[in-house]
Amino acid sequence: MYSQSATSDNGAADHVRVVDFRSDTVSVPTASMRHAMFTAVVGDDVYGEDPTVRKLEQRSAALFGKEAALFTPSGTMANLLAMMVHCSRRGTEAIVGDIAHGFLYEQGGAAQIAGVLLNTIKNNPDGTFCLNELIRKFRGFDVHEPDTVLVMVENTHNMCGGKVIPLDWLEKLAAICREKGAKVHMDGARVFNAAAYLNLPVSRVVRDVDSVCFCLSKGLACPVGSILLGTKEFIKEAHRLRKALGGGMRQVGFLAAAGLCALDEIVPKLKDDHLRTRRIAEAIDQLGSPIFKVDLANLHTNILMVQIVSKKVHSSDFGHRLAIVTAGELEAGVVDADGQGIAVKVSARDWAFARIVIYTNITDEEIELAIKKIRYVIAEYEKDL
């Protein structure tokens, strides 16, 4: 992806080739996006006078089969707005998966800002949850309980490895919620990846939900932004609340211009990201490592979880080792065409896995360089253990 000065633990390399798989949020705008941003016709979006924002919102609504759309600075704000609109009465709650992004990684904004209780339900490995358990979770039939008015789903599901939610499950969930008088919101940060995997229009993927948001600044490579979609009344209220959250921006058409490019240029190529992700997964699987495993059969999109099955190996250590260059690997020829060492950045924390995310800026050459480095590091771990 790029070269940078770097010093390994033993000072083996001064310059390395860095391939960054930490997240698709590190994607950068394409040349055509930058040109569109430079030449965008803009106005004051708080007054509703930015023609480029309006064009992006209208086009998004048409693509998703929803009545209206709203540009927001982030997916976190879009999800928060959805909760604030759907859970507008005090004493309400939303049901959400226990490893959903909205529960784990959005700083508890539902409680901190919106005054909404999040009631968790256990996610299955495919990103769904038990519908019978969901039915039992609904509350509000007793004066001691909060009212359950919203159920949130995530598609694709980040912490389940980019899984695509089955549409028949989603249809059944929506029917349950209608019967209970609750709304369904989809955190669709990567919903275009789901549509690409299913080979279906995105409007079909989101047909059964009341509101949905998608991220422009992840796999779509835009610098900033997400789009929230729903009914006209829903978006009207979300627009008002966006102002209170500080999300009312002015000449935001410069950012929306990149979003319009992404719909034309990046969305049609998302399957390429999926194929490149599979190439890495297949390379790891072929090693037959007793320490590092991948689930090829259930790899759907652009997120790969490398499972670490040995308690002697920690995800953070594995991530650190991939990101440095040693003298030994340089001697072994783990280098790029210019003789530079290879540093691979992955997302690794206190997990039993390391996460790899592929996006449009990653080239075929970088996939092969990363495979070379990952193979070497895995062999090194196996030798030491």
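Residues numbered from 1 in each chain as written. Predicted model: local features only at pLDDT ≥ 70, side-chain atom pairs only at ≥ 80, totals over all residues. Heavy atoms only, no water.

Enquirer: Before we move on, can you summarise the pattern of salt bridges with the specific residues and values?
Expert: Overall, the coordinates contain 18 salt bridges when judged by the stated rule. Between arginine 207 and glutamate 171 there is a salt bridge whose closest N-O contact spans 3.7 Å. With a gap of 36 residues between them, arginine 207 in the loop between α9 (202–205) and β8 (211–215) and glutamate 171 in helix α7 (residues 167–180) connect regions that are remote in the sequence. By relative accessible area, arginine 207 is classed as partly exposed at 43%. Several salt bridges converge on common partners, so that one network encompasses Glu171, Arg204, Arg207 and Asp208. (Salt bridge = Lys/Arg side-chain N within 4 Å of Asp/Glu carboxyl O. Helix = DSSP H or I, 4+ residues; strand = E, 2+ residues; numbered from the N terminus. Buried < 20%, exposed > 50% of the residue type's maximum accessible area, 1.4 Å probe, protein only.)

Enquirer: I'd like to hear about the environment of asparagine 302, residue by residue, with values.
Expert: Structurally, the position occupied by asparagine 302 is in the loop between β10 (292–293) and β11 (303–308). Here asparagine 302 falls in the buried class, since its relative accessible area comes to 1%. Taking the C-alpha atoms as reference, asparagine 302 lies 26 Å from valine 325; in sequence the two are 23 residues apart. Leaving out residues up to four positions away in the same chain, asparagine 302 has contacts with Asp24, Arg190, Asn193, Asp273, His274, Thr277, Ile356, Val357 and Ile358. There is a polar contact of 3.2 Å between the side chain of asparagine 302 and the side chain of aspartate 24. Separated by 3.0 Å, the side chain of asparagine 302 and the backbone oxygen of isoleucine 358 make a polar contact. (Contact = heavy atoms within 4.5 Å. Polar contact = N/O pair within 3.5 Å; in protein donor to acceptor, adjacent residues only side chain to side chain.)

Enquirer: Requested: an account of the domain arrangement of the chain, with residues and values cited.
Expert: By the assigned domains, the chain splits into domain 1 (16–27 + 269–384) and domain 2 (43–250). On a C-alpha basis, the centroid separation for the pair domain 1 and domain 2 is 31 Å. Taken together, the 18 residues of domain 1 in the interface contact 19 residues of domain 2. Carbon and sulfur atoms make up 55% of the surface buried where domain 1 meets domain 2, a total of about 1700 Å² over both sides. Sorting the residues of domain 1 by area buried against domain 2 places Leu270, His300 and Ile303 first, and these three jointly supply 32% of that buried surface. For the pair domain 1 and domain 2, the interface holds one salt bridge. Of the charged contacts in the structure, one is a salt bridge between arginine 190 and aspartate 24, with a shortest N-O distance of 2.8 Å. If you look at where domain 1 meets domain 2, you find eight residue pairs in polar contact (both at pLDDT 80 or more). (Domains from an automatic or database assignment. Buried area = accessible area lost by both parts, 1.4 Å probe.)

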